[in-house]
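# Coordinates in review
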Amino acid sequence: MWEQIRLNKRRSVYLVAAMALLLTALGFVIGEASEPGAGPIGVAIAVGVWLIMTLIAYFQGGNILMAVSGARRIKKEDNPVLFNVVEEMVIASGMSRVPDIYIIDSPALNAFATGRDPEHAAVAVTAGLLTQLNRDQLQGVIAHEISHVVHRDILFMTLLSVMLGSIVMISEVFLRGLFYGRRIRRSRSSSRGEGQAQLVMLILALVLAILAPLLAQIIYFAASRRREYLADAGAAVLTRYPEGLASALEVLAANAYVPLETANRATAPLFIVNPLQASGLSLGLFSTHPPTEERIKILRSMAGGVTSMPSYLSAWARSNPAVKPQYTNGTPLFNAAQTRAPSPQMSPSATVASAVPLASPRNPAREAFDTVRKAYNYKFIDCSCGLKIKIPPNYNRPTVTCPRCKSVYKV
Amino acid sequence: MLINLFYVIILIAVVVALTVVFLYNSLIRLTNQAKNAWSNIDVQLRRRHDLIPNLVETVKGYAKHEREVFEQVTKARANAMQAQGIAAQSQAENLLTRALGQLRVVAEAYPDLKASQNFLALQEELASTENKIAFARQFYNDSAMRLNTKLQSFPTNIIAQLFGFQPLEYFQIEDANARNAPSTNFG
């Protein structure tokens, strides 16, 4: 768990560095394009804009976010259950202070956390969430938010989003200045070489001004998706009950069509599920959250086992194999039982039960395991329901029952 | 040459000293975190003890004739408050949990009581406090595990031996069902 957080911190540094590089490059190129030799001034302006915005975000970010989202702070008397659930998760995570608790008066189902460190944290949930979820589900959601706080995700995401904001702002100002004003001065010396160099810079600046915001968004959203997975894992570790969050996400996904009016593209990554889904703004690289079904699947597949970071990671790996999981009637073809190679000492019932639902002949991993089974003298029976029953050599009863459709076969 | 060697030795000594300081401090931090976690358990246990008289009074208002259960709970609470030592304490707390379970069973039989706002609020507080006890124990165990892992792994084990750090005991639950008890919902 702690190693994961540390590893994540290192990756975060790379991401911030990439963003910073993009910002300075943009400043330099725009500066050079405006006037030869003004590159450093451009960098200074870009960094200046970023610095001011960062300072504001660092000290006032939480309050601004709460105000923008239309959240109002509540006291314990207003909603004792919510308060208790938050306090429970604070104790489970070993945080030293109970975060401020806010409610957003919206029928949408969502939640987010803010604050630069655990001492300045705040958690906001929508009124819809409180009415639709039961206590266990609410606990899963709050645990996810508290994990964000403990992992310092909020500080990092604020830093990145401010950089993104600066990049977008500088690009906009430059592009608008280009089209509406006459800010680009001809170079004073009329020598050919310098004029050409400026032209090259101008083209570079144009390209960068158009591309940088997109690139920055891709970096920002990639970081956000990773952190959602980690916060899910953290929630499972805190509650030791992944099913709570899994079923909560199910309810949230089912209600995704209810829009959260106060959310926008900049605040979207902070929420537990993408609040903009209702307006259809999330696809691939530009999606702020991993697909909810994917998150549910990972949580469910760890529900039976030991609740720890490694077990979440292996569950994650199971759902992201080199061969992309194929879906048939919404049932994942890859499941926990299948990825474990059988051993000949396994008890008969255990091996029969591990027979894989929904046989698919194209699955190379399964074929490989079947070859191993053949080598151990396993027998195979193709059930009428499509299931391939695998019978270990030490199975000594005369008949076998299909674990899926319950039809009986002779061995 | 000799002077260079001297510098190298000094440099190594400084690095070693700094490492020792760093590792020692990390052990102190983990020990204090675990101790703090342990005292958090006590805070929550005390909170549960404080809530019980209120709950008993509320139930009494509706179910006067269940004297036996009230006495049981009161006695178990007194025992739990007096218990000394980890083993005795956890045993007394388990008995108290069982007595409270009986009180809840009694409450089930009185629909008026079950509908009373006061009772529901107390019930939520008590259930949450029990959750908090469980989570505080969980965090204590996590902290103890982090410390113990550090104590056993190289190179912190050398520092630990040098300064006499002791591994912490884990909090164990005898009854596997005991852990599930708090999450029972009476709403």
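Residues numbered from 1 in each chain as written. Chains lettered and ligands numbered in written order. Predicted model: local features only at pLDDT ≥ 70, side-chain atom pairs only at ≥ 80, totals over all residues. Heavy atoms only, no water.

This part is about the overall build of chain B. Tallying secondary structure elements over chain B gives six helices and zero strands in all. Helices (α) and strands (β) of chain B occur, in sequence order from the N terminus, as α-α-α-α-α-α. A separation of at least 24 residues holds for 75% of the contacts in chain B among residues at least 6 apart in sequence. Summing over all exposed atoms, chain B offers an accessible surface of approximately 11,500 Å²; the carbon and sulfur share of this is 59%. (Helix = DSSP H or I, 4+ residues; strand = E, 2+ residues; numbered from the N terminus. Contact = heavy atoms within 4.5 Å. Areas by Shrake-Rupley, 256 points an atom, 1.4 Å probe, with all protein chains shown as cover.)

With that out of the way, let us pick up the overall build of chain A. Looking only at helices and strands, chain A features 13 helices and 10 strands. Buried residues in chain A amount to 48% of all 411 residues. Counting only carbon and sulfur atoms, one obtains 62% of the accessible surface of chain A, whose full area is about 19,800 Å². (Buried < 20%, exposed > 50% of the residue type's maximum accessible area, 1.4 Å probe, protein only.)

The subject of this paragraph is the packing of helix α1 (residues 2-62) of chain B against helix α6 (residues 156-163) of chain B. Residue and element names in this part refer to chain B. Here α1 crosses α6 at 75 degrees, and the two axes come no closer than 10 Å. Relative to α6, α1 is oriented roughly perpendicular. Contacts from Val20, Leu23, Tyr24 and Leu27 of α1 reach α6 at Thr156, Ile159, Ala160 and Phe163. Grouping the amino acids of the contact of α1 with α6 by side-chain chemistry returns seven nonpolar, one polar and no charged. (Axes fitted to C-alpha atoms, helices over the stretch in contact; angles between N-to-C directions. Parallel < 35°, antiparallel > 145°, perpendicular 65-115°, else oblique. Nonpolar A, V, L, I, M, F, W, Y, C, P; charged D, E, K, R; others polar.)

On to the nonpolar core, then. One recurring pattern in soluble globular proteins is that nonpolar side chains are buried together. Residue and element names in this part refer to chain A. Membership of the largest hydrophobic core comes to 55 residues, with the highest contact counts inside it found for Leu82, Leu129 and Ile142. The dominant element in this core, judged by the number of residues it contributes, is helix α3 (residues 80-93), at eight residues. Listed in part, the 44 residues of the second largest apolar core include Leu65, Met66, Met163 and Ile219. (Core = buried A, V, L, I, M, F, W, Y, C linked by side-chain atoms within 4.5 Å.)

Where interface size is quoted, it is often the accessible area lost as the parts come together. Listed as interface residues are 13 residues of chain B and, on the opposing side, 18 residues of chain A. For the pair chain B and chain A, the two sides together bury roughly 1,300 Å², of which 50% comes from carbon and sulfur. By the criterion of area lost to chain A, the three top residues of chain B are B:Glu124, B:Lys132 and B:Phe135, representing 40% of everything that side buries. Applying the counting rule to chain B against chain A returns four salt bridges. B:Asp142 is paired through a salt bridge with A:Arg240; the nearest N and O atoms lie 2.9 Å apart. (Buried area = accessible area lost by both parts, 1.4 Å probe. Salt bridge = Lys/Arg side-chain N within 4 Å of Asp/Glu carboxyl O.)

Let us now look at the packing of aromatic side chains. Enumeration according to the criterion identifies six aromatic pairs over all chains in this entry. Put simply, the rings of B:Tyr24, B:Phe163 and B:Phe165 pair up and form one aromatic cluster. (Phe/Tyr/Trp six-rings, centres within 6.5 Å; stacked < 30°, edge-to-face > 60°.)

Before going further, it helps to examine helix α5 (residues 135-150) of chain A. Residue and element names in this part refer to chain A. The first and last C-alpha atoms of α5 sit 22 Å apart over 16 residues, in line with the 22 Å expected at 1.5 Å per residue. Counting buried positions over the 16 residues of α5 gives 14, a clear majority of the element. Structurally, the start of α5 carries an N-cap: the backbone nitrogen of Asp136 is 3.1 Å from a side-chain oxygen of Asn134. Of the residues flanking the end of α5, it is Arg152, one or two places downstream, whose phi is positive at about 60 degrees. (Expected span 1.5 Å × (residues − 1). Polar contact = N/O pair within 3.5 Å; in protein donor to acceptor, adjacent residues only side chain to side chain.)

We now examine the side chain of A:His144. Tracing the sequence through the fold places A:His144 in helix α5. The contact partners of A:His144, leaving out residues within four places of it in the chain, are A:Glu228, A:Ala231, A:Asp232, A:Ala235, A:Leu245, A:Ile272 and A:Arg295.

Further remarks concern the pattern of salt bridges. Evaluation of the coordinates by the stated rule reveals 20 salt bridges over all chains. Here B:Arg47 makes a salt bridge to B:Glu125, at a shortest N to O gap of 2.6 Å. Of the two residues, B:Arg47 sits in helix α1 while B:Glu125 sits in helix α5 (residues 117-152), which places them 78 residues apart along the sequence. One continuous salt-bridge network, built from bridges that share partners, spans A:Lys76, A:Glu87, B:Arg47, B:Glu125 and B:Lys132.

What follows deals with the packing of helix α3 (residues 86-108) of chain B against α5(B). Any two packed helices are characterised by how steeply their axes cross, that is the angle between the axes, and by the distance between the axes. Residues and elements named next belong to chain B. Put simply, α3 and α5 touch, their axes get as near as 13 Å, and they point 155 degrees apart. One finds that α3 runs roughly antiparallel with respect to α5. Between α3 and α5 lies a crossing of left-handed hand. Taking contact as the criterion, the partners of Leu100, Arg104 and Ala107 in α3 are, on α5, Phe119, Gln123, Leu126, Ala127 and Glu130. Taken together, the residues of the contact of α3 with α5 break down into five nonpolar, one polar and two charged. (Left-handed = near helix turned anticlockwise from the far one by under 90°.)

Attention now goes to the sheet that holds strand β4 (residues 122-126) of chain A. Residues and elements named next belong to chain A. A sheet is described by the order of its strands in space; here four strands give the open sequence β1-β2-β4-β3, paired in mixed fashion. Looking along the sheet, the strands with just one partner apiece sit at the ends: β1 (71-73) and β3 (111-114). Adjacent strand axes in the sheet meet at a mean angle of 25 degrees when their direction is disregarded. With three bridges connecting them, β1 and strand β2 (residues 100-104) associate as antiparallel partners. Paired with Ala71 across the two strands is Ile104, which belongs to β2. α5 rests against β3 and β4 of the sheet, and its axis sits at about 25 degrees to β3. (Pairing = 2+ DSSP bridges.)

Let's shift gears to a nonpolar patch on the surface. A surface patch of nonpolar side chains, amounting to about 640 Å² of accessible area, comprises B:Ile3, B:Phe6, B:Tyr7, B:Ile10, B:Val14 and B:Leu18. The exposure class of B:Leu18 is exposed, given its relative accessible area of 55%. (Patch = residues over 30% accessible without salt bridge, like charges linked within 9 Å, V, L, I, M, F, W, Y side chains within 5 Å.)

This brings us to the confidence of the model for chain A. Summary statistics for chain A give a mean pLDDT of 74 and a share of 71% for residues scoring 70 or more. Here residues 322-362 of chain A is a poorly scored stretch, pLDDT under 50, and it has 74 contacts once near neighbours within four places are set aside; other chains count. (pLDDT = per-residue confidence, 0-100.)

In the segment running from B:Phe154 into B:Pro155, the intervening peptide bond is cis, with an omega of 0 degrees. Of note, B:Pro155 is situated in the loop between α5 and α6.

Turning next to the environment of A:Val47. Residue and element names in this part refer to chain A. With respect to the helices, strands and loops of the structure, Val47 is situated in helix α2 (residues 39-68). Taking relative accessible area as the criterion, Val47 reaches 30% and is therefore assigned partly exposed. Along the primary structure Val47 and Leu23 are separated by 24 residues, whereas in three dimensions their C-alpha atoms are 7.6 Å apart.

Residue and element names in this part refer to chain A. Mapped onto the elements of the fold, Glu32 is located in helix α1 (residues 2-34). Look at Glu32 and you get buried, because its relative accessible area is 15%. Residues Glu32 and Leu204 lie 172 residues apart in sequence; the distance between their C-alpha atoms is 9.8 Å. Apart from the residues lying within four places of it in its own chain, the contact partners of Glu32 are Gly37, Ala38, Gly39, Gln198 and Met201.

This brings us to the pairing of β3(A). Regular strands have side chains that alternate between both faces of the sheet. All names here are of chain A. Side chains Ala111 and Ala113 of β3 all project onto a buried face; the interleaved residues Phe112 and Thr114 project onto the opposite face, where all are buried too. Inspection of the sheet shows β3 paired to β4 by four bridges, in the antiparallel sense. Pairing of Ala113 across the sheet is with Val123, part of β4.

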